[in-house]
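Descriptive analysis of the structure
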Amino acid sequence: MPCWANVSADKEIGVDRMHYWSLYFFAKFALFLNESIRFSWQLNLLLAIFVSIRFRERKWRITQNAIAAPLALALLYSESNLPPIGRAFAAAKDLAGFSPTYLFELIGRFISVTDILIVLAMLVVYRLLSSRVRFTSFAFGVIMLVPLINHFTKQQDDRAHYLATKANEAVANRKDPASLLDNFYTEERARAPIKFPAVSTEKLPFDVVLLHVCSLSWDDLAFVGEGNPAILKRFDVIFRNFNSAASYSGPAALRLLRSTCGQVPHATLYGADPDDCSLFHNFTTAGYDVRGILNHDGVFGHFAGDIQSYSGLPSPLEEGKWGDIAMRSFDGRPIYGDLSVLSKWWQDNRLNASASAKPTALYYNTITLHDGNIVAGTPGSSLQTYKPRLDKLLADFDRFISQLEASGKPVVVILIPEHGAALRGDKIQISGMREIPNPKVTMVPVAVKVIGMKANEEGAPPIFVDRPTSYSAVFTLLADIMNRDVSNLDHMQLSDLARALPTTRFVAENEKIIVMQNDRDYFMRSPEGTWINYAN
């Protein structure tokens with residue numbers, strides 16, 4: 001006897017072959033119309049045929065659903081704009097450490113209350129009408145509508161659809177993106193390594209403070225209404241077209257700390273670090289003491305371990321435990337207040353240092369703006385607390401700069417974010433996701449302040465560098481300043497130095513994806529290796 005129901009039984013009006021599976025296809029069709037997901041109609045059709053087979057015996061129905069459920073989830077994931085499944089599995093261990101509050105916040109970015117209400121309404125309608133309406137027929141109908149909709153609307157709104165319909169556009173372009181990328185890396189390899197001059201008694205030595213900020217881009221500033229924060233007016237040089245070239249913290253830190261050579265492919269970051277390319281090594285060779293301090297423990301994402309292994313840091317990174325705990329990260333670990341960490345370090349180590357002491361180069365990394373941080377007593381999601389945390393961070397930096405100025409010691413302060421927070425989000429990436437290193441994520445506000453420089457006229461405006469730049473420009477400027485006597489450097493001389501800085505074409509990448517600019521167009525290389533036009 002066959003295990004599926006006979007045909008005559010299925011002719012009854014009350015029989016719905018798919019049962020609740022029809023709601024799966026209706027919900028996906030609604031998301032497709034809302035341009036929230038893609039819809040692979042062929043694969044969905046195969047799944048629909050499979051789940052519409054009627055089995056008489058309960059064990060076969062259970063087996064059928066046990067097979068269909070993971071297939072349906074995998075299909076839905078592949079049609080979404082979530083990161084590749086390989087990255088998701090790699091991050092599973094980290095996700096296990098997230099607080100329940102943050103996990104719910106992340107889920108809420110994917111699924112809104114409106115979505116939940118719509119699904120509940122669909123369930124109610126199904127329960128009321130399932131005995132009178134063959135929903136299976138409608139489910140097959142909406143699946144077959146998708147190729148017709150695609151044909152007539154020619155949707156081109158997200159990454160995977162580009163791969164299906166626009167892959168030939170890059171080839172048709174008169175300049176092949178793959179060749180442009182190869183040329184870019186050839187040019188970058190040809191850059192002469194930046195050399196810092198040795199500390200000399202003939203020139204006034206100065207300390208260097210690198211403020212490496214997680215999750216701060218020009219787009220983030222504009223999104224929260226801080227497009228031109230007041231603190232930037234205190235800096236002497238502002239880079240308004242600077243590409244950090246990375247969308248995640250580890251690679252961004254390695255790019256900064258290996259920045260005295262040209263830009264390298266992502267995979268090269270996790271290999272042997274030539275001394276000429278190590279920022280720390282160059283400082284040490286020039287006669288500096290090098291310190292590395294975090295306002296966190298650096299455990300998440302192996303951040304501290306990767307820096308220690310691949311950057312050439314001569315001494316262990318320090319966790320700024322002497323600072324006040326300002327907030328907690330999404331996994332409950334302490335995050336220390338920026339001013340309390342920096343101020344105490346300065347007072348204990350540099351404020352009263354003797355004139356014969358070596359100057360210090362400090363690398364300071366802060367995650368005060370990181371997604372998911374929890375500020376005690378401040379309600380709202382981490383997205384809602386971003387603006388207050390930003391205000392506090394900038395205020396702390398402002399007070400720290402005032403403290404440095406009051407000391408009378410020469411110091412060069414470099415503000416250089418890792419990448420943006422992706423606060424705005426879009427249909428391809430939800431808010432907070434940085435899988436695609438697009439310009440909204442990697443174009444960051446970089447600024448240089450020379451404390452101890454010859455006094456300028458009151459209110460002298462900052463020097464703006466609007467050409468496309470990256471790390472080579474910043475550290476070329478630093479090397480040029482080191483070649484001069486800071487006490488004799490004036491605004492006009494600094495302006496001349498800024499005008500002569502090298503440019504770097506826009507190329508940003510992570511482990512799987514590259515975004516590159518050519519003229520006014522952006523191209524993206526997908527994880528599959530296909531080049532497409534990318535609308536930023």
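All of the points below concern the structure found in this document.

Criteria and thresholds
- Residues numbered from 1 in each chain as written.
- Predicted model: local features only at pLDDT ≥ 70, side-chain atom pairs only at ≥ 80, totals over all residues.
- Heavy atoms only, no water.
- Buried < 20%, exposed > 50% of the residue type's maximum accessible area, 1.4 Å probe, protein only.
- Helix = DSSP H or I, 4+ residues; strand = E, 2+ residues; numbered from the N terminus.
- Arc of directions from axis to C-beta.
- Salt bridge = Lys/Arg side-chain N within 4 Å of Asp/Glu carboxyl O.
- Core = buried A, V, L, I, M, F, W, Y, C linked by side-chain atoms within 4.5 Å.
- Disulfide = S-S within 2.5 Å.
- Pairing = 2+ DSSP bridges.
- Axes fitted to C-alpha atoms, helices over the stretch in contact; angles between N-to-C directions.

Take helix α15 (residues 279–286) next. Every buried residue of α15 is listed here: Leu279, Phe280, Asn282, Phe283 and Ala286. The arc that holds the buried residues of α15, viewed along the axis, is 165°, so those residues lie on one side. Positive backbone phi, at 105°, marks Gly287, one or two positions downstream of α15.

Scanning the model with the defined rule gives 19 salt bridges in all. Among the salt bridges present, the one from Lys387 reaches Asp391, with a minimum N-O distance of 3.0 Å. Taken together, the residues Lys387 and Asp391, both in helix α18 (residues 386–407) and 4 residues apart, mark about one turn of the helix. Judged by its relative accessible area of 26%, Lys387 falls in the partly exposed class. Counted as one network, the salt bridges with shared partners bring together Arg234, Asp398, Glu405 and Lys449.

Here we come to the nonpolar core. For soluble globular proteins, the rule of thumb is that nonpolar side chains tend to be buried together. Among the nonpolar cores identified, the biggest contains 50 residues, and Phe196, Phe239, Phe475, Leu478, Ile481 and Leu494 are the most heavily contacted of them. The element contributing the most residues to this core is helix α20 (residues 471–482), with 9 residues. Counting 36 residues, the second largest nonpolar core, distinct from the first, contains Val213, Leu342, Leu362 and Leu369.

Summed over all chains, the structure comprises 1 disulfide. Across the disulfide from Cys261 sits Cys277; the S-S distance is 2.0 Å. Handedness here is read from the sign of the S-S torsion; for Cys261 and Cys277, about -85°, the answer is left-handed. Placement of Cys261 in the loop between α14 (249–257) and α15 and of Cys277 in the loop between α14 and α15 is noted, with a sequence separation of 16 residues between them.

Turning our eyes to something else, we now look at the pairing of strand β14 (residues 531–534). Across 4 bridges, the pairing between strand β13 (residues 521–525) and β14 is antiparallel. Of the residues in β14, the one forming a bridge with Tyr522 is Tyr534. Hairpin connection between β13 and β14: a loop of 5 residues separates the two successive antiparallel strands, and Gly529 in this loop has a positive phi of roughly 90°.

Before going further, it helps to spend a moment on the sheet that holds strand β11 (residues 507–509). Strand order in the open sheet formed by 4 strands is β11-β12-β13-β14, and the pairing between neighbours is antiparallel. Strands at the two margins of the open sheet, each flanked by one partner only, are β11 and β14. Adjacent strand axes in the sheet meet at a mean angle of 25°, parallel and antiparallel pairs treated alike. Relative to β13, strand β12 (residues 514–518) is paired through 5 bridges, and the arrangement is antiparallel. Looking at the pairing, Met516 lines up with Phe523 of β13.

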